[in-house]
Amino acid sequence: MSQPTWVTPAGTLATIPEGVFYSIPLVATADDTVFYSVIAGRLPPGIQVDQTGVLAGLPQAISEVQGVAQPVVNDTTSQFAIRAFTKTTVGGVTVITGLADRTFTLTVTGQSTVTWTTPAGLVLTDFDGSQIEPLTLAYSDPDPNSTNTVSLVAGALPPGLAVSDQGVITGYITPNPAATQTTATYSFTLRVTNGVSADVRTFSILVYARSTMTADNTQVTADNTFITADISPVQTPIISTPTGSIGSTRSDNFFAFQFQGSYYDGDPIEFEATTLLPPGLILDPVSGWLYGLIPFEGIVTNTYDFSLRVRDVLVPSAVSDAYAFSLTVTGPVNSDVIWLTPADLGAIDNGATSTFYVAAENVAGLALQYQLKSGSDSRLPQGLQLLPSGHIAGRVSFDTFALDGGTTTFDVGLNTVDQPTTFDLVNTFTVTATSVNGLVDVDKTFSITVIRRYDQPFHNLYIQAMPPPQDRDLLASLLQNPTIFPPDLIYRADDPNFGVARRVIYNHAYGLTAATLDDYVASLDLNHYWKNLVLGDIRTAQALDDAGNVIYEVVYSAVIDDLVNNDGQSVSKQVVLAFPINADTPAQIDSVYPNSLLNMRDQVIDTVGQVSRVLPRWMLTRQDNGTVLGFTPAWVIAYAKPGQSKQIAYNIQTQFASQLNLIDFRVDRYELDNFLTKNWDRESITLNINTLSGNGNIVTVTYATQVAAPAQPGATIIIAGVTPSVYNGVYQVVTCTTSSITFRSAITNAYISGGTVTRGPNWTPQPPTLTTFDLSRELATWINDADIICTWEDNFDTLATWTYGTPGANNLGTIFDGGSLQFITPVDMYSSDNSTTTNTTEFDKYLVFPKRNILQ
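Sequence order sets the numbering: in each chain, residues are counted from 1 along the sequence as written. pLDDT decides what is reported in this predicted model: residues at 70 or higher carry local features, side-chain atom pairs at 80 or more are listed and counted, and totals for whole chains, interfaces and linings draw on all residues regardless. To obtain the side-chain values, all non-hydrogen atoms of the structure were used and water was disregarded.

## A short note on the overall build of the protein
Here is step 1 of the chain: We count a stretch as a helix when DSSP gives it H or I for four or more residues in a row; a strand needs E for two or more, and each element gets its number in order from the N terminus. Regarding its fold elements, the protein presents seven helices and 58 strands.
Here is step 2 of the chain: Counting only residues that meet the buried cut, the protein has 43% of its 856 residues in that class.
Here is step 3 of the chain: Any two residues having at least one pair of non-hydrogen atoms within 4.5 Å are treated as being in contact. Long-range pairs, those at least 24 residues apart, make up 70% of the contacts in the protein between residues at least 6 apart in sequence.
Here is step 4 of the chain: Accessible surface, the protein: about 42200 Å² in total, of which carbon and sulfur atoms supply 51%. Only protein chains enter the calculation, and the probe is 1.4 Å; a residue is then buried if its accessible area is under 20% of its type maximum, exposed if over 50%, and partly exposed in between. Computed with the Shrake-Rupley method and a 1.4 Å probe, the accessible areas treat only the protein chains shown as cover for residues.

Quick look at the structure:
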């Protein structure tokens, strides 16, 4: 065995800021798996190296004074040695087979210590009924990149005042009409923190009761320098809109802004301007609306200062001081928009989950929202919806257009059993991008192509944890914590199929045949009984597109199965007992069927079948280490933007991971994802043919009389085993009774004997039996552009056949009029009549396990 060879150079790895997540893989190569450990020196506090060689953590810069950790402002450099080694197991003992050591250094910049600079004690003296000027309580932090947060930890501010997370006190001191004391002192304690350090300080505000400011007041002494002789005891209304700028707008544009005011005793108030208002604007004295058409002012920018006051309508002498405001008027709006997504968004299989999106940017920096253009003939693939963010969310319906349920064929002769021909569906839609202020409104047309990969839908099978209330509260404290899942790190946070998990779900099997519920229940007879799952360690993975670019990353908890060993090997699906249980009795048990997750999955697949082996993209694409995960038992906790999953995983590991295995994940049932198959009739009916005859237009089949008509018009049927065999094939029902079915065919051969008619699974309700379109425009163009032979009659009343090129040759696919001829599935089989049920679990079905334990 070869010794490990280091790839990462020795010496300085990096200089990193304190308190900012850092991660770097240390790499050494060998013939076997390489493991890593620290053998000498010291890593910076907060940094660790795992056995895979990933060095990561939130670094801290501290030093020691006589053995006591102390924060330092200067940079701190740590030196340490890492051993890369390979190992094997001999006789149950782990033995190191090769090793190589290397020394590294890592420097952490000095700690940022935040402190209050505003002195403790009295910070404001004012009268009640006053709207105070914003009061900023100052603090200092030597790190300009720190994010500081202020919070109230004790005491109370005067009623009506509040402190922001930046330490700014604002508001209106609510009067106390019953006040008998001249003054009231409010003490409160604030805490400022940058996430690393914190400082706490107590301040106070002195409030005078204006109602006591009368000539006979004996509580105010002559040495008071705050209260002057002109102070009135009369409370006045206030304008609660913050003073200063009310924003900016464009000239040659309508503008409206409402000022807010109040009076503590509930009297009506009115607004009035004490200076000139901006040009074109008037002030409604009752409502406080400032509105009007601002005239064109060229390309210049002007700022208009003006003042307002408010008075009591019933007591005109009760009038406030003037409040100063300003409005900035700029040149005409620049509505130019650059679309960032191409018109052709790409292709998607029916049944697949969308990661499509549209995006644009306004050159003036206005935020944009998106919607389908009102009144347009826009058509998204069934099952998808456009969100205001531009994300196109949902899963594509399995039921897309195909003639005769996907069985009609082209470019072939008559009376043959042919391979189904289907169509790629191009869905075209127009998106309107608008700014929140309505100044930008632009459109662009996009398209998404749906590929009918599957003629029949499939199910997914999942297991959902149903924990007791205390465990649900524990989960909520994880999943609803924005410090663990910062919104700017989350991929498609508004998309129900991505974002942060809302429930604990383990997806057990994908692409299962949409069989009957009875078939699924039968699949639970073996290897299914109650079991407990454990949520394991936190891991990350990435999903790549076809070009190798990262689409998204996932943070997941590995689901631990106690019947699978560390090498991923499951206990056998059937175990024959050496000593039977209840021997020599009718209840004798010779074999048991262990319920490992692998055995359970195989049992279901073996019973109901599997239509598709497609897994989520993150299980199918190459990971950083070059491996492909394949099917992975996991709870996906969150979908992260590219490059952000490790930060989220670290947040979970440091704040929550040890608690995940406390979640009660008892499994006693499956849930069948029935959303895309709720309109799929899973039953298959086969009847023996009594007679069969054709008149050159339709063929009629008779059979023994049934209780009800076994098929609907438009359903697909299979004729098999008939002599002559020319009748055998796949057809679409025209009419059906309890004793006969008719379908279109030009065959008139005499029926001899035998045969069956089978109605397979179908979408219900069935689409119309006749399909029509403008032959003069659409089909004529196609005929003129191709070397074809065509037989056609209106409304498909006779069988239409096409031969493209030379009959019998290897022909190309048929193209209709350059793609202008559109086929649209006539009934939306995807969701219920209520569009709010998109992505719902309303139609999912429970499949309860039949046993409590392996013997029961």
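Picking up where we left off.
## A few points about the sheet that holds strand β48 (residues 685–688)
Here is step 1 of the chain: Within the open sheet, the seven strands sit side by side as β48-β54-β51-β52-β53-β50-β49. Their pairing is antiparallel. At either margin of the open sheet sits one strand with a lone partner, and together these are β48 and β49 (691–694). On average, adjacent strands in this sheet sit at an angle of 30° to one another, irrespective of strand direction.
Here is step 2 of the chain: Here the rule is simple: two strands pair whenever DSSP picks up at least two bridges between them. Sheet topology places strand β52 (residues 729–736) next to strand β53 (residues 740–744); three bridges connect them, and they run antiparallel. Fitted lines through C-alpha atoms give the axes, limited to the stretch in contact for helices. The angle between two N-to-C directions lies from 0 to 180 degrees.

## Some words on a nonpolar patch on the surface
Here is step 1 of the chain: Like-charged residues within 9 Å of one another, or nonpolar side chains (Val, Leu, Ile, Met, Phe, Trp, Tyr) within 5 Å, are grouped into patches, provided each residue has over 30% relative accessible area and no salt bridge. Any Lys or Arg side-chain nitrogen found within 4 Å of a carboxyl oxygen on Asp or Glu counts as a salt bridge. Among the surface-exposed residues, F254, I282, W289, Y291 and L293 lie close enough to one another that they form a single nonpolar patch of about 510 Å² accessible area.
Here is step 2 of the chain: In terms of residue count, the dominant contributor to the nonpolar patch is strand β27 (residues 289–294) (three residues).
Here is step 3 of the chain: The topology assignment puts W289 in strand β27.

## Thoughts on the side chain of S645
Here is step 1 of the chain: Turning to its location among the elements, S645 is positioned in helix α5 (residues 645–655).
Here is step 2 of the chain: On the basis of relative accessibility, which here comes to 2%, the residue S645 falls in the buried class.
Here is step 3 of the chain: Nitrogen and oxygen atoms within 3.5 Å of one another constitute a polar contact, given that in protein one can donate a hydrogen and the other can accept it, and given that sequence-neighbouring residues count only through two side-chain atoms. Side chain to side chain, S645 and E553 meet in a polar contact 2.6 Å long.
Here is step 4 of the chain: Contact partners of S645, with chain neighbours within four places excluded, come to T540, E553, V554, V555 and A640.

## With respect to the nonpolar core
Here is step 1 of the chain: What we call a nonpolar core is a set of buried Ala, Val, Leu, Ile, Met, Phe, Trp, Tyr and Cys residues that are connected through their side-chain atoms within 4.5 Å. In terms of nonpolar packing, the biggest core is built from 46 residues, with L478, F485, W635, I652, F665 and Y670 touching the most fellow members.
Here is step 2 of the chain: Per element, the largest residue contribution to this core is five residues, and it comes from helix α3 (residues 597–608).
Here is step 3 of the chain: When near neighbours in sequence (up to four residues on either side) are disregarded, F485 contacts L478, L479, I490, V500, I637, A638, I648 and I652.
Here is step 4 of the chain: Counting residues in each nonpolar core, the second largest holds 22 residues, with L345, L368, A433 and V450 among its members.

## Some details on the environment of N507
Here is step 1 of the chain: Relative to the elements of secondary structure, N507 occurs in strand β39 (residues 505–513).
Here is step 2 of the chain: Its relative accessible area of 30% is what places N507 among the partly exposed residues.
Here is step 3 of the chain: A sequence separation of 46 residues divides N507 from L461, and the C-alpha atoms of the two residues are 6.3 Å apart.
Here is step 4 of the chain: If near-sequence neighbours (up to four positions away) are discounted, N507 is found in contact with L461, Y462, F631 and A634.

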